[in-house]
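# Examining the three-dimensional arrangement
The chain contents come next:
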Amino acid sequence: MAEPVVGRPHNRVDGPLKVSGRAAYGADHSYPRLVHGYAVTSTIAHGVIRAMDTSTAERSPGVIAVYTPFNAFTIHPVEGLRAPLQDTAVAHHGQIVALVVAESFEQARAAAFTVEVDYDERRPAVSLAEEEGNARPIPPVMGIPPVVTRLADGVPSITAALADSHITVSAAYTTAPQAHAAMEPYSAVVTWDDGRFTVHNGTQGVGLQVQTLAQALGVTTDDIHAVNPFVGGSFGGKYRPNAEVQLAAAAARALRRPVKVVLTREQSFTGTVIRSGTRQRVSLGAAADGTLTALSHRALAGAVADRESAELSAQRTSLAWYAVPNLEVRQTSVPLNTPDPTIMRAPGEASGSFALESAMDELAVALRMDPVRLRIKNNATVHPYSGLPFSGKHLVECYRLGAERFGWRRRGTRPRSRLDGEWYTGMGMATSVYPGFRNPATVKVGLRADGTALVSCDTADLGTGMWTVLPVVAAHSLGLPVRRVEPRLGDSELSPAGSVGGSCGVVTVGPAIMAAAHNAVAALLSLAVGEPSSPFHGLDPADLRYDSGRVSGPGRSMDFDDLLEAMGRSGVEALGTAAPGDESERYVFDSFGAQFVEVRVNRWTGEIRVSRALGVMDAGRIVNPKTARSQIVGGMIWGISAALHEGLHLDASGHLVNADLANYLIPVNADVPEVDVHFLDHPDTRFNPLGSRGIGELGIVGTAAAVANAVHNATGIRLRELPMTLEHVLAGLD
Amino acid sequence: MSPEPERPPRPARVSRRGFIGRTTAASLGAGALPRPDQATAAAAAAAAAGAPGQPLPGPPGTEVTLRVNGAEHRVGVDNRATLLDTLRERLRITGPKKGCDRGQCGACTVHIDGRTALSCLTLAVAAHEREVTTVEGLADGDVPHPVQRAFIKADAFQCGFCTPGQIMSAVALVEHGPVGSDDAIREFMSGNLCRCAAYPHIVRAVRQAGSTGRKR
């Protein structure tokens, strides 16, 4: 074998396109006779549209059509998706209520501003706090009921277990609703040509996109070709085709012209999907030595109308994280008049870890125990809910290595004991856990007579690095340099590899690449013995060996491109499929990490700055450390952002008052410190043959709690609401 | 990073309403204007419903000369059209990205007469006869700009959507230099949002490009 390429740092193979403006994202596409759709959005949060006056818009220059709930094309309902313009109900502020299509963007926009809507307005349900009384248990998710109670023998209730504990802490935590706010706004370019749609739109999976759109448009999946090799960020928001895609497609068919719909940034905030805010209560009981005796975690999140919620803060953390004999988790939801809550980076873990890991810090303080020691003491060696062992868990190594690398021993044990000028400094830490998901995938690998290889499937690269993972794993499997492997993805005509999401990309696609490479080599060797023009003709395939691009048999050896040329073949290719088996009946495949944060809190202004952050991650074999590091760094900064910046604000009437990038705060460069990442190297082949686990979401889990815990360490002020803003710090600084 | 011109542009040839009708289809894009006889289905429906019949008059247009990446384009534009939309939708130069359309994110950053400008806050008419450089115009033939190379090497992007704007800002810093401390880089680059949060790597890329010399 050549030098292994998996595990070494590789530059992104799509880098040259992305730094030169040549990577074409959805809205970068254009077609002859293309027209522009501009959305009109609701100005109320709840009610019914009584009437709309579109007469001025229809007479406006360049306008081709104005679609409203009163005249629109049919879009069939798809479970879990709102079909736009199909009824007059308004469920949230900023919901798309009309689409104006004109020859130019400027014309469509000007006409859209003239549309008048008359509403029958109703009181909106906006606030989780005010609606808490209407909360109901969620439907079961992946077989887990909304309330899980595990009690030791003879313990009557979780309340009793807490009451009997040597020490208890109990507190309420809230997290703000958030927007995915990918830099690429929600947008779509769709053509309809002779019964066939072509769709360009950022998506986490062209396969699911085609299936969903086929249902919505009442056509077969063969009638839709999705081409989306570049996605300008998604984070869960583009997992399914939102209103703009459905509208662009339906309008393209109705008008027989290509349609481009680019939601404005404000519409991207209001007219699509969000992460729900949460209200949580965590109660912990422990023995004097820190051993957990009871854990109760209750969480409420916003839901779509059928009570389903994506932000399962309690279920997705407390059922899996710590060894505890008495455990109760209660997950409720309440429908709100907000944009539809959906999955967003680490849905459940991101918000749930804030509550659980803050509570663990509160327990450590109450016990006067080091927070790292408390976590090591309660490390779960089997999965608390399922009772299964972990496929590979080196979390204690993460804690120990992280503490050492971060200089944890220099942490002050008394608040306000470290003052640097006018800044209190402090350190905090938290645990990161993210479950391992894996889907079936089929990949094609080809060997070509020009000496290159091809690897393709319909997976997506959201910025995750998949463009580079494909050739790296293929090159590794074929014993070729990465530069000789050409990747293709993001096209629904390629072999199916499923959507990316739940950090499943590499672990889904990687093993299928290995299988396809194996099959391609087998096909090459089979040809070599079967083709009369082959120098290996007539040999037993078992006598041939493929290694690093060369085929060897008794007495001779040649490069595969020379062999293909000798046989008069342009190439040989094969599909390979890999899928999870029954291993999930034996193991749990979580990824783990420990996060350490240092903050500075201004003693006069209450300003919080994160000055250092370190994540030590146990995620199996890292395929490309360069892009993997970027993902963890990005995830950790997302956690810092959740801690200090991000939150959608709704006023009493349900208006999203900060629906733009100046007022919905995400970090800018000057907000972000040096972020250090270290990966442990423990390949996990129980999970998949590649030995990798997921990393896309791991980095955000726990970070916000680590920041909050550091603020407490610095100042003695415990902040239990995200984002942590300085007025709350000031109130405690007196 | 002011989008305002340092000097007023030479007066563009602003014409009255009839102008666009005289413009060639090639320069405007075929079918870019409604013809009075072009009754749309919607307009027809509105007329049938008794709405006032006549199509409303359109706004004036202007013929401008845009010099983009060294090439000259004469283009008839809607006066409301931004430089960003004109680059993207009319000239098919799609490196500059529309992230917010209101100057909040920096994804549309270009250079106008050598200075950074937000093309979403610049009307196309305000760029008349000025030198516009987009990310597509940075490379010297096949040789990428040092900042482009540094971005790849430092992995200073993930999804890549903000990258054209990041790079245009970084090039301005590197070429006008010195790039200064890491904190100075962070401050200068803070008008360009990156949701993937590649910020530490962007700082590294700018530092590296700054230290290898301003000129390619």
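Reading guide: rules and limits
- Residues numbered from 1 in each chain as written.
- Chains lettered and ligands numbered in written order.
- Predicted model: local features only at pLDDT ≥ 70, side-chain atom pairs only at ≥ 80, totals over all residues.
- Heavy atoms only, no water.
- UniProt positions renumbered as here; feature names shortened; annotations may be inferred.
- Contact = heavy atoms within 4.5 Å.
- Buried area = accessible area lost by both parts, 1.4 Å probe.
- Salt bridge = Lys/Arg side-chain N within 4 Å of Asp/Glu carboxyl O.
- Domains from an automatic or database assignment.
- Polar contact = N/O pair within 3.5 Å; in protein donor to acceptor, adjacent residues only side chain to side chain.
- Helix = DSSP H or I, 4+ residues; strand = E, 2+ residues; numbered from the N terminus.
- Nonpolar A, V, L, I, M, F, W, Y, C, P; charged D, E, K, R; others polar.
- Pairing = 2+ DSSP bridges.
- Axes fitted to C-alpha atoms, helices over the stretch in contact; angles between N-to-C directions.
- pLDDT = per-residue confidence, 0-100.

Taking an unreviewed UniProt entry as the reference, chain B is identified by name as 2Fe-2S ferredoxin-type domain-containing protein belonging to Streptomyces inusitatus. In its Pathway (unreviewed entry) section, UniProt records this for chain B: "Alkaloid degradation; nicotine degradation."

For chain A, an unreviewed UniProt entry supplies the name Carbon-monoxide dehydrogenase large subunit and the organism Streptomyces inusitatus.

### With respect to the interface of chain B and chain A
In this assembly, 68 residues from chain B lie in contact with 74 residues from chain A. Considering only the surface of chain B that becomes buried against chain A, L56, Q158 and R195 of chain B emerge as the three largest contributors, covering 15% of it. For the pair chain B and chain A, the number of links is 7 salt bridges. With its nearest N and O atoms 2.6 Å apart, the salt bridge here joins R12 of chain A to D155 of chain B.

### Considering the domain arrangement of chain B
Residue and element names in this part refer to chain B. Per the domain assignment, the segments making up chain B are domain 1 (13–50 + 59–137) and domain 2 (146–211). With 16 residues of domain 1 at the interface, the matching set in domain 2 holds 14 residues. Buried area between domain 1 and domain 2, both sides added, is near 1,100 Å², and the carbon and sulfur share of it is 66%. Where domain 1 touches domain 2, the interface holds 0 salt bridges. Inspection of the region where domain 1 meets domain 2 yields 5 residue pairs in polar contact (both at pLDDT 80 or more). The element best represented in the side of domain 1 that touches domain 2 is strand β4 (residues 109–112), accounting for 3 residues. Here the residues of the side of domain 1 that touches domain 2 are counted per class, giving 4 nonpolar, 10 polar and 2 charged.

### Re the sheet that holds strand β22 (residues 453–456) of chain A
Residue and element names in this part refer to chain A. As summarised here, the arrangement of the 4 strands in space is β23-β22-β21-β27, forming an open sheet in which the pairing is mixed. Of all the strands in the sheet, the pair left with one neighbour each is β23 (485–488) and β27 (571–578). Within the sheet, the average angular offset between the axes of one strand and its neighbour, ignoring direction, is 20°. Two elements, β22 and β23, share 4 bridges in a ladder whose sense is parallel. Bridge assignment links S456 to a residue of β23, and that residue is R488. Packed on one face of the sheet, helix α13 (residues 466–478) meets β21 (441–448), β22 and β23 and runs near 140° to β23. Where helix α14 (residues 505–530) meets the sheet, it contacts β21, β22 and β27, and its direction lies at approximately 140° from that of β27.

### Let's talk about the UniProt feature "domain: Aldehyde oxidase/xanthine dehydrogenase a/b hammerhead" (unreviewed entry) in chain A
Sites flagged by UniProt as "domain: Aldehyde oxidase/xanthine dehydrogenase a/b hammerhead" (unreviewed entry) map to residues 20–123 of chain A. Here residues 20–123 of chain A runs as 12% helix and 33% strand, with 50 Å between its end C-alpha atoms.

### Overview of the confidence of the model for chain B
Residue and element names in this part refer to chain B. Averaged over chain B, the pLDDT score is 81; the fraction of residues at 70 or greater is 74%. Below a pLDDT of 50 lies the segment residues 1–51, which in the model reaches 70 contacts outside its immediate sequence neighbourhood of four places, other chains included. Confidence metrics for the complex model read pTM 0.94 and ipTM 0.97.

### Regarding the environment of V443 of chain A
All names here are of chain A. Tracing the chain through its elements places V443 in strand β21. Measuring from C-alpha to C-alpha, the distance between V443 and H92 comes to 41 Å, with 351 residues separating the pair along the chain. When neighbours within four sequence positions are excluded, V443 is seen to be in contact with V455, S456, C457, S495, V509, A512, I513, A516, A574, L575 and G576.

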